[in-house]
Amino acid sequence: QVQLVEFGGGLVQAGGSLRISCAAAGRTFRNYAMGWFRQAPGKEREFVAASGQSGDTTVYADSVKGRFTVSRDNAENTVYLQMNSLKPEDTAVYYCAESDYYSGNYYSATFYHYWGQGTQVTVSS
């Protein structure tokens, strides 16, 4: 059974940085694509970033491109999201997700089959 647990959320001032992590368990992590999504109050869940199985392929939402970096450590079964130059509009619950596939339509929530419980990121102005 796949389990995903996010760590590292918190409160940060605008312009600051934060790194959140997602630890995976239950199967061979390096075989599967991983993604990050977020959901702000009153809004739908939206794609943030994703990594292919090896980490060589990464994709980002336009809203975070150049500010966020997704990476993974397959030896540690962990995927990271480094968030720099944070803005108040980045405030949301951030979820990591794991696909049953190694690559595909990273941008779609339906590409992912397992989800973490989420971690709150709050950016104050």
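All values derive from a computational prediction rather than experimental measurement. (Residues numbered from 1 in each chain as written. Predicted model: local features only at pLDDT ≥ 70, side-chain atom pairs only at ≥ 80, totals over all residues. Heavy atoms only, no water.)

Here we look at the environment of S17
Item 1. Tracing the backbone through its elements, the reader meets S17 in the loop between strand 2 (10-13) and strand 3 (18-25).
Item 2. Relative accessible area serves as the criterion here: at 41%, S17 is assigned to the partly exposed category.
Item 3. Sequence separation between S17 and F68 is 51 residues; the distance between their C-alpha atoms is 9.4 Å.
Item 4. The contacts of S17, once residues within four sequence positions are left out, are V12, Q82, M83, N84, S85 and L86.
Item 5. A distance of 2.9 Å separates polar atoms of two side chains, one belonging to S17 and the other to N84. (Helix = DSSP H or I, 4+ residues; strand = E, 2+ residues; numbered from the N terminus. Buried < 20%, exposed > 50% of the residue type's maximum accessible area, 1.4 Å probe, protein only. Contact = heavy atoms within 4.5 Å. Polar contact = N/O pair within 3.5 Å; in protein donor to acceptor, adjacent residues only side chain to side chain.)

Details of the nonpolar core
Item 1. Judged by nonpolar contacts, the single largest core of 36 residues is most densely connected at W36, V48, F68, L81, M83, Y94 and Y112.
Item 2. Contributions of two or more residues to this core are made by strand 3, strand 4 (34-39), strand 5 (46-51), strand 6 (58-60), strand 7 (68-73), strand 8 (78-83), strand 9 (92-99) and strand 11 (119-124).
Item 3. Non-local contacts of M83, meaning those with residues more than four positions away in its chain, are made with G16, S17, L18, I20, R67, F68, Y94 and V121. (Core = buried A, V, L, I, M, F, W, Y, C linked by side-chain atoms within 4.5 Å.)

Side note on the state of the cysteines
Item 1. Scanning all chains against the criterion turns up one disulfide.
Item 2. The disulfide partner of C22 is C96, and the S-S distance across this bridge is 2.0 Å. Of note, the bridge from C22 to C96 carries an S-S torsion of about 40° and is right-handed in sense. Highlighted residues: C22 in strand 3 and C96 in strand 9, separated in sequence by 74 residues. The burial state of C22 is the same as that of C96; both residues are buried. (Disulfide = S-S within 2.5 Å.)

Description of the sheet that holds strand 7
Item 1. Ordered in space as 1-3-8-7, the four strands form an open sheet in which the pairing is antiparallel. The open sheet terminates on both sides in strands that have one partner only, identified here as strand 1 (3-7) and strand 7. Each strand axis lies, on average, 15° off the axis of its neighbour in the sheet, ignoring direction.
Item 2. Relative to strand 8, strand 7 is paired through six bridges, and the arrangement is antiparallel. The partner of V70 across the bridge, within strand 8, is L81. (Pairing = 2+ DSSP bridges. Axes fitted to C-alpha atoms, helices over the stretch in contact; angles between N-to-C directions.)

What about the environment of A61?
Item 1. Mapped onto the secondary structure, A61 falls in the loop between strand 6 and strand 7.
Item 2. You can call A61 buried: its relative accessible area is 14%.
Item 3. Between the alpha carbons of A61 and Y107 there is a distance of 8.1 Å; along the sequence they are 46 residues apart.
Item 4. Setting aside its immediate chain neighbours within four residues, A61 contacts F47 and V48.

Regarding the side chain of S51
Item 1. Structurally, S51 is set in strand 5.
Item 2. A relative accessible area of 1% means that S51 is categorised as buried.
Item 3. In contact with S51, other than residues within four places in its own chain, are A33, M34, T57, T58, V70, R72 and Y106.

Note that every value here comes from positions in space, so none of it alone points to a role or purpose.
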